[in-house]
Amino acid sequence: MSLEDSLCGGGHGRCPTTVMKPTFHHRLINDSYEDPCVFIRMLRESRALLFDAGDLSRLKPADLQKVTDVFVTHTHIDHFIGFDTLLRALLRREKALTLYGPENIIECVEGKLRGYTWNLIEQYPMTIEVFSLTEKEVRRASFSARESFRRIDKGTWPFDGTALNDPPYKVKTAILSHGTPCLGFSLEEDYHINIDKAALLAMGLPVGPWLGDLKELIRQKALPETQIFVEGRGLAFSDLAHIAGITEGQKISYITDVSPEEENRERIIGLVRGSDTFYCEAYFLHADMERAVERHHLTARLAGEIARKAEVKNLMVMHFSPKYRDLPGIIESEAMREFLG
Ligand SMILES: [Zn+2]
Ligand SMILES: [Zn+2]
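## A word on the coordination of the zinc ion (ligand 1)
A metal bound by six donors in octahedral fashion has ideal angles of 90 or 180 degrees, whereas one bound by four tetrahedral donors has an ideal angle of 109.5 degrees.
Logical step 1: At 2.2 to 2.3 Å from the zinc ion (ligand 1) lie its protein donor atoms, namely Asp78 (OD), His79 (NE2), Asp257 (OD) and His319 (NE2).
Logical step 2: Of note is the zinc ion (ligand 1), whose four donor atoms meet at the metal with angles of 90 to 156° in an arrangement that counts as irregular.
Logical step 3: Taken as an interatomic distance, the gap from the zinc ion (ligand 1) to the zinc ion (ligand 2) is 3.7 Å; aspartate 257 donates to each of them. In this pair, histidine 79 is assigned in helix α3 (residues 77-80) and aspartate 257 in the loop between β16 (251-255) and α8 (262-272), connecting sequence segments 178 residues apart.

## Quick notes on the sheet that holds strand β8 (residues 151-158)
Logical step 1: Taken in spatial order, the eight strands of this open sheet run β1-β2-β3-β4-β5-β6-β7-β8, and their pairing is mixed. Strands at the two margins of the open sheet, each flanked by one partner only, are β1 (24-28) and β8. Shown here is a sheet whose adjacent strand axes are inclined to one another by a mean of 15°, direction ignored.
Logical step 2: Here helix α5 (residues 105-114) sits on the sheet in contact with β5 (97-101), β6 (127-133), β7 (137-144) and β8, set at roughly 15° to β7.

## A word on the packing of aromatic side chains
Logical step 1: Applying the stated criterion across every chain yields a total of 13 aromatic pairs.
Logical step 2: The interplanar angle of 90° and the centroid separation of 5.4 Å between the aromatic rings of tyrosine 33 and phenylalanine 320 together place this pair among those described as edge-to-face. Of this pair, tyrosine 33 sits in the loop between β1 and β2 (38-42) while phenylalanine 320 is found in the loop between β18 (314-318) and α11 (330-339), placing the two residues 287 residues apart along the sequence.
Logical step 3: The structure contains a cluster of three or more aromatic residues connected by ring pairs, namely Phe51, Phe71, Tyr100, Phe131, Trp157, Phe185 and Tyr254.

## A few points about the coordination of the zinc ion (ligand 2)
Logical step 1: Around the zinc ion (ligand 2), the protein contributes the donor atoms His74 (NE2), His76 (ND1), His178 (NE2) and Asp257 (OD), which lie 2.2 to 2.4 Å from the metal centre.
Logical step 2: Classification of the site at the zinc ion (ligand 2) as irregular follows from its four donor atoms and the range of 91 to 170° in their angles at the metal.
Logical step 3: The sequence pattern formed by the donor residues of the zinc ion (ligand 2) is H-x1-H-x101-H-x78-D.

## What to know about unusual backbone geometry
Only a minority of non-glycine residues have a phi that is not negative, and only a minority of peptide bonds are not trans.
Logical step 1: A cis amide bond, omega 10°, links proline 167 with the succeeding residue proline 168.
Logical step 2: In this fold, proline 168 is placed in the loop between β9 (162-166) and β10 (169-177).
Logical step 3: The backbone of serine 148 sits at a positive phi, close to 55°, despite the residue not being glycine.
Logical step 4: One can find serine 148 in the loop between β7 and β8.
Logical step 5: Exposure remark for serine 148: the relative accessible area of 26% places this residue in the partly exposed category.
Logical step 6: Located in the positive-phi region is glutamate 311, a residue other than glycine, with phi close to 50°.
Logical step 7: Inspection of the secondary structure puts glutamate 311 in the loop between α10 (300-309) and β18.

## As for the sheet that holds strand β11 (residues 181-189)
Logical step 1: In space, the six strands of this open sheet follow the order β9-β10-β11-β16-β17-β18, with mixed pairing throughout. Edge positions in the open sheet fall to β9 and β18, since each of these has one partner strand only. Strand-to-strand, the axes of this sheet are offset by a mean angle of 15°, without reference to chain direction.
Logical step 2: One ladder, built from four bridges, connects β9 with β10; its direction is antiparallel. Considered in β10, the bridge of aspartate 166 is made with tyrosine 169.
Logical step 3: Where α10 meets the sheet, it contacts β17 (277-281) and β18, and its direction lies at approximately 155° from that of β17.

## Focus: the environment of aspartate 69
Logical step 1: When you line up the elements, aspartate 69 lands in strand β4 (residues 67-71).
Logical step 2: For the pair aspartate 69 and leucine 50, spaced 19 residues apart in the sequence, the C-alpha separation amounts to 6.5 Å.
Logical step 3: In terms of polar contacts, aspartate 69 uses its side chain to reach the side chain of arginine 47, at 2.8 Å.

## Considering the packing of α10 against α11
Logical step 1: At a closest axis distance of 7 Å, the pairing of α10 and α11 adopts a crossing angle of 30°. In this structure, the crossing between α10 and α11 has a hand that is right-handed. Of the residues in α11, those in contact with Ala300, Arg301, Gly304, Glu305, Ala307 and Arg308 of α10 are Ile331, Glu334, Ala335, Glu338 and Phe339.

## Comments concerning the nonpolar core
A general trend in soluble globular proteins is that nonpolar side chains are found buried together.
Logical step 1: Within the largest apolar cluster, 34 residues are counted, with the highest numbers of intra-cluster contacts made by Leu50, Leu99, Ile128 and Phe149.
Logical step 2: Listing elements by their share of this core, those giving two or more residues are β3 (47-51), β4, α4 (83-90), β5, α5, β6 and β7.
Logical step 3: Those residues in contact with isoleucine 128 that lie beyond four places of it in its chain are Phe83, Leu87, Leu97, Leu99, Leu113, Ala141, Ser142, Phe143 and Phe149.
Logical step 4: In terms of nonpolar packing, the next biggest core, distinct from the first, is built from 31 residues, Tyr33, Val272, Leu315 and Phe339 among them.

## Details of the state of the cysteines
Logical step 1: Summed over all chains, the structure comprises zero disulfides.
Logical step 2: Cysteine 182 supplies the cysteine sulfur nearest to cysteine 37, a cysteine that is in no disulfide, at a spacing of 14 Å.
Logical step 3: The thiol of cysteine 182 is unpaired, and the distance to the nearest cysteine sulfur, on cysteine 280, comes to 11 Å.

## What to know about the confidence of the model for the protein
Logical step 1: Averaged over all residues, the pLDDT of the protein equals 91, while 94% of them reach at least 70.
Logical step 2: For the stretch residues 1-19, pLDDT sits under 50, and the model shows 39 contacts to residues farther than four places along the chain or on other chains.

About the thresholds
- Residues numbered from 1 in each chain as written.
- Chains lettered and ligands numbered in written order.
- Predicted model: local features only at pLDDT ≥ 70, side-chain atom pairs only at ≥ 80, totals over all residues.
- Heavy atoms only, no water.
- Donors = N, O, S within 2.8 Å, 3.2 Å for Na, K, Ca; no water.
- Tetrahedral: all angles 85-135°; square planar, octahedral: opposite > 155°, others 65-115°.
- Helix = DSSP H or I, 4+ residues; strand = E, 2+ residues; numbered from the N terminus.
- Pairing = 2+ DSSP bridges.
- Axes fitted to C-alpha atoms, helices over the stretch in contact; angles between N-to-C directions.
- Contact = heavy atoms within 4.5 Å.
- Phe/Tyr/Trp six-rings, centres within 6.5 Å; stacked < 30°, edge-to-face > 60°.
- Buried < 20%, exposed > 50% of the residue type's maximum accessible area, 1.4 Å probe, protein only.
- Polar contact = N/O pair within 3.5 Å; in protein donor to acceptor, adjacent residues only side chain to side chain.
- Left-handed = near helix turned anticlockwise from the far one by under 90°.
- Core = buried A, V, L, I, M, F, W, Y, C linked by side-chain atoms within 4.5 Å.
- Disulfide = S-S within 2.5 Å.
- pLDDT = per-residue confidence, 0-100.

As structure tokens, this is what we get:
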């Protein structure tokens, strides 16, 4: 058994003695009839991610400033109009803004940037990195304020399905169809390390930045005899086994604007399997399936069925057609009836 296994009592299952504290919070920005968009706030760093960039006007300026990565399902206006809001908010920020999207995302960002005049921004630090994702390859381009947002192509390479790999986080992608390529996303934390404060105090050890170093050693699978110094006291990595517990990491997933065809549904189930929270569009009621096929959207019943088959823990339906505004709760009921069986 590795030290990593001994820390969690074997395997990466939920540790019964350790209460899991989340490392990120997530929420829909708008109501179910408005643009779908999930804001994900990393709790121990000044960082946030976005799934889609529709209307972002409800985000506070401080929240906009934290956004580092935007995962765009497709560039229909209700999923991309918020790019301008981000652009304006982040023009003076040093940290780059990174976008991931379908095959035409680079051209769409370029088109947006070409829509303005940029002769007075050479001093601004803003850089935008854009990754176009297809079945076969990743294509990268960047745009910087110093260069008046001129497009600079940075090459292509094979795509393995992981859009972002920034330990402990991964964002995985499925390429789906909506009459146009549309991406599905899942954000997964590899595993979650919890510190047992009572055990820490029993050893006479303080809470402090050294715990971050300990977590890093666990992630790096350090050797048991590795020394850690806490306030001048040298301790072996293995002596600290009982103060850290490992639980499964959080997983959330986001699917919207996909045709109800079987191939899409199978791909979605593979991507979102076991999610703690699954955000899924439920644009139409199943009685309007014909319309759903024509418009390339899922129905509430299909959202529930996918969630049940993928064994997700919570289903959050979103992106309802405005035609059901006068029937409050009807879409949620159809989805939940199917999800809960
Ligand atoms: Zn849409
Ligand atoms: Zn769409």
